[in-house]
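Each chain is listed here by its residues.
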Amino acid sequence: MLWLLFFLVTAIHAELCQPDGENAFKVRLSIRTALGDKAYAWDTNEEYLFKAMVAFSMRKVPNRETTEISHVLLCNVTQRVSFWFVVTDPSKNHTLPAVEIQSAIRMNRNRINNAFFLNDQTLEFLRIPSTLAPPTDPPVPIWIIIFGVIFCIVIVATMLLILSGIQQHRRKNEGPSEMEDTEDKCENTITIENGIPCDPLDMKGGHINDAFMTEDERLTPL
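Per an unreviewed UniProt entry, the chain goes by Collectrin isoform X7 and derives from Camelus bactrianus. The heading Subcellular location (unreviewed entry) in the UniProt record of the chain holds the text "Cell membrane".

Next comes the structure, spelled out in structure tokens:
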């Protein structure tokens with residue numbers, strides 16, 4: 001009697017899980033490629049773990065919280081580690097829609113990969129697109145980077161203002177001295193008129209050039 005029951009259950013499972021079935025998914029594992037010498041053998045224990053991970057993922061889907069490991073069926077298992085699987089609904093004796101399974105696997109892809117020490121390239125769900133890797137947090141918080149950039153800009157701007165002020169101060173100090181030197185040169189210049197050297201007119205001190213004074217002006221006392 002038990003043998004007959006087992007036969008019937010196996011027949012039902014074989015009918016529900018078929019390659020290229022409507023709600024079936026093919027899985028291909030590259031354990032040797034991923035782990036090299038540390039590769040493990042794929043056996044019934046690994047199959048049980050896979051079923052458990054799929055059942056776990058399905059229980060995250062709304063209205064599928066009662067999914068059990070026995071609801072996950074595997075078929076066409078090969079030595080190169082590839083197989084097909086489906087998730088069944090025992091109450092209605094049919095497989096769950098592929099859309100629900102796809103959604104469950106995508107939401108928990110990283111958990112499934114980590115359970116077998118694999119990744120999206122070495123644990124392939126052929127009809128389920130690979131998920132994007134979760135964004136990694138930068139080693140340094142972004143606000144510290146922004147603060148550092150702003151601080152550097154302020155420092156550079158301050159240095160430029162200081163250098164500009166020093167240059168302007170030097171130009172102001174050099175301006176009057178150059179004008180005084182020019183005036184001194186002009187005052188010390190001796191002009192020659194009609195072959196006679198003449199002292200320039202001292203505008204500041206009111207000095208009169210003797211070359212242009214008449215005889216009476218020279219003799220007239222002040």
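**Student:** I'm lost on the pattern of salt bridges in this one. Help?
**Tutor:** Where charged atoms of side chains with opposite charge meet at close range, the side chains can pair. With the rule as written, the count across this model stands at five salt bridges. Close ionic contact of Asp89 with Arg64 constitutes a salt bridge, the shortest N to O distance being 3.9 Å. Taken together, the residues Asp89 in strand β3 (residues 82-89) and Arg64 in the loop between α3 (44-58) and β2 (72-75) connect sequence positions 25 residues apart. The class for Arg64 is buried, based on a relative accessible area of 18%. Between Arg64 and Glu100 there is a salt bridge, and its shortest N-O distance comes to 2.7 Å. Of this pair, Arg64 sits in the loop between α3 and β2 while Glu100 sits in helix α4 (residues 98-107), and the two are 36 residues apart along the sequence.

**Student:** How do you make sense of the side chain of Thr67 when you look at a structure like this?
**Tutor:** Positionally, Thr67 belongs in the loop between α3 and β2. A polar contact is formed between the side chain of Thr67 and the backbone oxygen of Arg64, at a distance of 2.9 Å. Residue contacts for Thr67: discarding those within four places in its chain leaves Ala55, Met58, Arg59 and Val87.

**Student:** What is the right way to look at unusual backbone geometry in this model?
**Tutor:** Among all residues save glycine, negative phi is the norm, and among peptide bonds the norm is trans. Here the phi dihedral of Asn76 falls at roughly 55°; this positive angle occurs in a residue that is not glycine. Positive phi is not limited to glycine here, since Val81 has a value of about 60°. According to the relative accessible area criterion, Val81 is buried, its value standing at 11%.

**Student:** It is not clear to me how the UniProt feature "transmembrane region" (unreviewed entry) in the chain should be interpreted in this structure. Could you clarify?
**Tutor:** The positions that UniProt labels "transmembrane region" (unreviewed entry) are, in the present scheme, residues 140-163. Helix makes up 92% of residues 140-163 and strand makes up 0%, while its end C-alpha atoms are separated by 33 Å.

**Student:** Help me understand the nonpolar core in this model?
**Tutor:** Note that soluble globular proteins tend to have their nonpolar side chains buried in a common cluster. Counting residues in hydrophobic clusters, the biggest one holds 28 residues, and the most contacted among them are Leu29, Phe50, Phe85 and Phe125. Elements with a contribution of two residues or more to this core: β1 (25-29), α3, β2, β3, α4 and β5 (123-125). Broken down by element, the residue count for this core peaks at five residues, all from α3. The contact partners of Phe50, leaving out residues within four places of it in the chain, are Val27, Trp42, Leu74, Phe83, Phe85, Phe116 and Phe125. With six residues, the next largest nonpolar core counts Cys17, Leu73, Cys75 and Val86 among its residues.

What counts and what doesn't
- Residues numbered from 1 in each chain as written.
- Predicted model: local features only at pLDDT ≥ 70, side-chain atom pairs only at ≥ 80, totals over all residues.
- Heavy atoms only, no water.
- UniProt positions renumbered as here; feature names shortened; annotations may be inferred.
- Salt bridge = Lys/Arg side-chain N within 4 Å of Asp/Glu carboxyl O.
- Helix = DSSP H or I, 4+ residues; strand = E, 2+ residues; numbered from the N terminus.
- Buried < 20%, exposed > 50% of the residue type's maximum accessible area, 1.4 Å probe, protein only.
- Polar contact = N/O pair within 3.5 Å; in protein donor to acceptor, adjacent residues only side chain to side chain.
- Contact = heavy atoms within 4.5 Å.
- Core = buried A, V, L, I, M, F, W, Y, C linked by side-chain atoms within 4.5 Å.

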